[in-house]
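So the chains spell out like this:
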Amino acid sequence: MRRTRFTAVVLTAAFAVFSCLGAASAGTTTTIKSVNGQTLTSSKTVGLAPKGSWVTVSGGGYDERIGIYVTYCRLVRPGKVPTPCGAGIDMTGSTHTSVWVSSNAPLPLRPLVTEYNPGGKFKVRIKVIAVTSEINCLKYRCAIVTKSDHLNLDSTKNNVVMPITFAKKGTK
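Presented here is an overview of the structure given in this document.

Focus: the pairing of strand 8 (residues 122–128)
On strand 8, burial follows the alternation: Phe122, Val124, Ile126 and Val128 on one face are buried, whereas Lys123, Arg125 and Lys127 on the facing-out side are not. Looking at chain direction, strand 4 (residues 53–60) and strand 8 are connected through seven bridges and run antiparallel. Residue pairing for strand 8: Val55 is matched across the bridge by Ile126.

Written out as structure tokens, the structure is:
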């Protein structure tokens, strides 16, 4: 038990170091800067409603040539691709648990994409739900993340991870 707890603490500390260089919080808004220079800001990261909270997520400094997903996923070790996530990849735009941000999506898919603004910036809203068919954030630690899109899934360059928590059962 003691060794397991120590390992969990070490992994959590390593995760924090490798995911971001720094974090700043003002009220309920949290901003982090990744080791690759991207910034990620979330309107809320603590006490999210288990049945669903709308969260505004913005970022900057991303490589506009590489598309990303903005979503929430189970926390994984640094250097690993975050998965499983929300309700999976939302290729229809109907679940709102992920948003595809790209400046080079194929023409037929452009209605599903939010384009980068200059400077690799974006601002989107996602719905964060504690328990879906893909993920259980009440059982496992989760985070709002950006990760490379399906054209670059093996790349971890765009992995920016911001841990989230949910309100205890019985609260909003």
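With respect to the state of the cysteines
Where two cysteines share a covalent bond between their sulfur atoms, that bond is called a disulfide. If you walk through the whole model with that rule in mind, you get two disulfides. Disulfide pairing is shown between Cys73 and Cys85; the S-S distance is 1.9 Å. Taking the torsion about the sulfur-sulfur bond, which here is approximately 90 degrees, the covalent link between Cys73 and Cys85 counts as right-handed. In this pair, Cys73 is assigned in strand 5 (residues 68–74) and Cys85 in the loop between strand 5 and strand 6 (99–101), connecting sequence segments twelve residues apart. The pair Cys73 / Cys85 is uniform in exposure class, with both members buried. Each sulfur in the disulfide pair Cys137 and Cys142 lies 2.2 Å from the other. Because the sign of the S-S torsion sets the handedness, a value of about -95 degrees for the bond joining Cys137 and Cys142 places this disulfide among the left-handed ones. Across the chain, the disulfide pattern expressed with sequentially numbered bonded cysteines is 1-2, 3-4.

Observations concerning unusual backbone geometry
Thr83 connects to Pro84 through a cis peptide bond whose omega is -5 degrees. Tracing the sequence through the fold places Pro84 in the loop between strand 5 and strand 6.

Digging into the pattern of salt bridges
Counting across every chain of the model gives two salt bridges. Between Arg65 and Asp63 there is a salt bridge, with its nearest N and O atoms 2.9 Å apart. Taking the relative accessible area as the measure of exposure, Asp63 reaches 15% and is therefore buried. Close ionic contact of Asp63 with Lys157 constitutes a salt bridge, the shortest N to O distance being 3.7 Å.

Section: the packing of aromatic side chains
A complete count under the given rule lists two aromatic pairs for this structure. Here the aromatic rings of Tyr62 and Phe122 are separated by 5.4 Å at their centres, their planes lie at 65 degrees, and the arrangement is edge-to-face. Taken as a pair, Tyr62 in the loop between strand 4 and strand 5 and Phe122 in strand 8 lie far apart in primary sequence, 60 residues in all. For the pair Tyr62 and Phe122, a shared accessibility class is recorded, and that class is buried. Ring geometry for Tyr69 and Trp100: centres 6.4 Å apart, planes at 40 degrees, overall tilted. Of this pair, Tyr69 sits in strand 5 while Trp100 sits in strand 6, and the two are 31 residues apart along the sequence. What makes Trp100 buried here is its relative accessible area of 4%. Between the NZ or CZ atom of Arg74 and the centre of the ring of Tyr140, over which it lies, the distance is 3.4 Å.

The rules behind the values
- Residues numbered from 1 in each chain as written.
- Predicted model: local features only at pLDDT ≥ 70, side-chain atom pairs only at ≥ 80, totals over all residues.
- Heavy atoms only, no water.
- Buried < 20%, exposed > 50% of the residue type's maximum accessible area, 1.4 Å probe, protein only.
- Helix = DSSP H or I, 4+ residues; strand = E, 2+ residues; numbered from the N terminus.
- Pairing = 2+ DSSP bridges.
- Disulfide = S-S within 2.5 Å.
- Salt bridge = Lys/Arg side-chain N within 4 Å of Asp/Glu carboxyl O.
- Phe/Tyr/Trp six-rings, centres within 6.5 Å; stacked < 30°, edge-to-face > 60°.
- Lys NZ or Arg CZ within 6 Å of the ring centre and 35° of its normal.

Read these as geometric descriptors, not functional statements.
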